Amino acid sequence: MFRVLKIGSAFIGIIVGAGFASGKEIVQYFTSFGLLGTLAAILSTALFAYLGMTLTKLGSRTKTTSHKEVIYKISGPYLGVVVDVIIVFTLFGVGVVMLAGAGSVLNQQFGLEPYIGNLLMAVLVIGTVMMNVQRVIAVIGSITPFLVLTIILIGIYSIFTMGSSFAELDPIAKELDTTLPNWFVSAINYVSFNVAVGAAMSLVMGGAEKDEKIAALGGLVGGLGLGLMIIISHLAIFSKVDLVAEYDMPMLKLVHDISPVLGIFMSVILFGMVFNTAVSMFYAFVARFTVMHTKKSDVMIIVTVVIGFVLSFMAGFKNLVSLVYPFIGYIGLFLIAALIYAPFKLAKDNRIRKVD
């Protein structure tokens, strides 16, 4: 059971980065659709549960150390190239967004210049990515329970102290800007984006677990836990949408309004979740091109993160989330299609091997 929870917690930690934990993603993908955003959150939960289970199961079955071999196995030589390029672009792109998100957290909560947070995150990522995969998984998973508990408490408090009904807040929520056309497309796009973000590290994480059933249950638990957090976060922000939605970090603002002390606590957790995703992105990116824990991989980690650090200043965190995330969500549909087909592809390959 501990191994299942460890994988589930790490799965959540991989996906929950600056955009989610800050509430900015939740506003764009769910709260901006008002009451219908709740349906989008429920649909996302179901998809995350299935795809999380599929990813970790595939990783365990193939004992992979990089997403490359699994992606080409389930997608074939041609679609595999497309999906591989999408994942590599996503890993680096989201890694850059996480570095920018670190600066935004410290700027909003403590008034520090953004470059301080960006630089601190870059140094922490370089040091952590150089560790072995089991230690990386342990670090990622250890921070997640604090965020889960905090979001549940924030959700309960916000809903019980809301000054208006959800029906009254619905038109206010629908006035918020979003680049998504409707709640259904938004839900699919959100899952597609996050699976593209988490696929590489989830496969590697599954590959580190020998028992395929435990790996699959871990992914399932992680997907369901992530979905629950989405629903609670959406309802929490929705209940105070007239007060917090326009902030770069609406969840942080929500907590700060409850108590400045809790705001500091939340900012630490938020920084930790940004760190989780940044580590996952850069680890999986480097693992795609070189064998980890070698001199070559250490050099590549440093060069890659330094480049990401420079690029993190080219656009604000808010703009990066609004523009980069939906784009990744649309191109990530290729990966979703490959994962849905994967169990059938592997079952077919097993039957062929038995016949031979």
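See the structure printed just above.
Residues numbered from 1 in each chain as written. Predicted model: local features only at pLDDT ≥ 70, side-chain atom pairs only at ≥ 80, totals over all residues. Heavy atoms only, no water.

**Q** What should I look at first to understand the overall build of the protein in this one?
**A** Secondary structure summary: the protein contains 16 helices and zero strands in total. On C-alpha atoms alone, the protein measures out to a radius of gyration of 19 Å, which is about the 21 Å that the 2.2 N^0.38 rule sets for 356 residues. Taking the principal axes of its C-alpha atoms as reference, the protein extends roughly 70 × 40 × 35 Å. Out of the 356 residues belonging to the protein, those deemed buried represent 57%. Of the charged side chains in the protein, 23 are positive and 18 negative, and the gap between their average positions amounts to 14 Å. (Helix = DSSP H or I, 4+ residues; strand = E, 2+ residues; numbered from the N terminus. Rg over C-alpha atoms; globule rule 2.2 N^0.38 Å. Buried < 20%, exposed > 50% of the residue type's maximum accessible area, 1.4 Å probe, protein only. Lys, Arg positive; Asp, Glu negative; His and termini not counted. Charge placed at Lys NZ, Arg CZ, Asp CG, Glu CD.)

**Q** Teacher, can you tell me more about unusual backbone geometry here?
**A** Note: most residues except glycine have negative phi, and most peptide bonds are trans. In the Ramachandran plot, His293 falls in the positive-phi region, its phi being about 65° despite a non-glycine side chain. Mapped onto the fold, His293 is located in the loop between helix 13 (260-289) and helix 14 (295-311).

**Q** How should the packing of helix 12 (residues 250-258) against helix 13 be read in this particular structure?
**A** For any two helices packed against each other, the geometry is given by the interaxial angle and the distance between the axes. Between helix 12 and helix 13, the shortest axis-to-axis distance is 6 Å and the interhelical angle comes to 150°. Here helix 12 is positioned roughly antiparallel relative to helix 13, judged by the angle of their axes. The crossing of helix 12 and helix 13 is right-handed. Counting all contacts with helix 12, which are made through Met251, Leu252, Val255, His256 and Ile258, the residues of helix 13 involved are Pro260, Leu262, Gly263, Met266, Ser267 and Leu270. Its residues placed into classes, the contact of helix 12 with helix 13 shows eight nonpolar, three polar and no charged. (Axes fitted to C-alpha atoms, helices over the stretch in contact; angles between N-to-C directions. Parallel < 35°, antiparallel > 145°, perpendicular 65-115°, else oblique. Left-handed = near helix turned anticlockwise from the far one by under 90°. Contact = heavy atoms within 4.5 Å. Nonpolar A, V, L, I, M, F, W, Y, C, P; charged D, E, K, R; others polar.)

**Q** Could you clarify how one ought to interpret the nonpolar core in this entry?
**A** If you look at soluble globular proteins, the nonpolar side chains tend to sit buried side by side. Phe20, Met121, Leu226, Ile230 and Leu335 are the most contacted members of the largest nonpolar core, which totals 106 residues. Dropping the residues within four chain positions of it, Met121 is found in contact with Leu99, Ala102, Phe271, Val274, Phe275 and Ala278. (Core = buried A, V, L, I, M, F, W, Y, C linked by side-chain atoms within 4.5 Å.)

**Q** It is not clear to me how the pattern of salt bridges should be interpreted in this structure. Could you clarify?
**A** Oppositely charged side chains are able to pair whenever their charged atoms sit close together. Per the stated rule, a full pass over the model turns up five salt bridges. Arg3 serves as the salt-bridge partner of Glu209, at 2.7 Å between the closest nitrogen and oxygen. With Glu209 in the loop between helix 9 (183-207) and helix 10 (212-239) and Arg3 in helix 1 (residues 2-15), this pair connects stretches of sequence that are 206 residues apart. With relative accessibility at 9%, the residue Glu209 sits in the buried group. Of the residues examined, Arg3 reaches a relative accessible area of 43% and is grouped as partly exposed. Across the pair Glu212 and Arg61 runs a salt bridge, and its minimum N-O distance is 2.7 Å. (Salt bridge = Lys/Arg side-chain N within 4 Å of Asp/Glu carboxyl O.)

**Q** For this particular structure, what's the right way to read helix 6 (residues 114-129)?
**A** Note on helix geometry: an α-helix contains 3.6 residues per turn, so any two residues three or four positions apart are oriented the same way. Here helix 6 spans 23 Å end to end across 16 residues, near enough to the 22 Å set by a 1.5 Å rise per residue. Buried residues of helix 6: Gly117, Asn118, Met121, Ala122, Val125, Ile126, Thr128 and Val129, and no others. In a view along the axis of helix 6, the buried residues occupy a sector of 170°, so they form one face of it. (Expected span 1.5 Å × (residues − 1). Arc of directions from axis to C-beta.)

**Q** Which parts of the structure should I look at to understand the packing of helix 5 (residues 67-110) against helix 12?
**A** For the pair helix 5 and helix 12, interaxial distance at closest approach is 11 Å and the crossing angle is 25°. The orientation of helix 5 relative to helix 12 falls into the category roughly parallel. Handedness of the crossing formed by helix 5 with helix 12: right-handed. Residue-level contacts link Val105, Gln108 and Gln109 of helix 5 to Leu252, Lys253 and His256 of helix 12.

**Q** Would you mind showing me how to read the side chain of Ser297 here?
**A** Of note, Ser297 is situated in helix 14. A relative accessible area of 0% places Ser297 in the buried class. One polar contact links the side chain of Ser297 to the main-chain carbonyl oxygen of Thr294, over a distance of 2.8 Å. (Polar contact = N/O pair within 3.5 Å; in protein donor to acceptor, adjacent residues only side chain to side chain.)

**Q** Would you mind showing me how to read the packing of aromatic side chains here?
**A** Describing an aromatic ring pair means giving the distance of the ring centres and the angle of the ring planes. Overall, the coordinates contain 10 aromatic pairs when judged by the stated rule. Here Tyr29 and Tyr190 contribute two aromatic rings whose centre-to-centre distance is 4.8 Å and whose plane-to-plane angle is 55°, an arrangement assigned as tilted. Remark: Tyr190 occurs in helix 9 and Tyr29 occurs in helix 3 (residues 24-29); sequence separation between them is 161 residues. Site record: aromatic cluster; members linked through ring pairs are Tyr29, Phe30, Phe48 and Tyr190. Lying over the aromatic face of Phe289, Arg288 brings its terminal NZ or CZ to 5.1 Å of the ring centre. (Phe/Tyr/Trp six-rings, centres within 6.5 Å; stacked < 30°, edge-to-face > 60°. Lys NZ or Arg CZ within 6 Å of the ring centre and 35° of its normal.)

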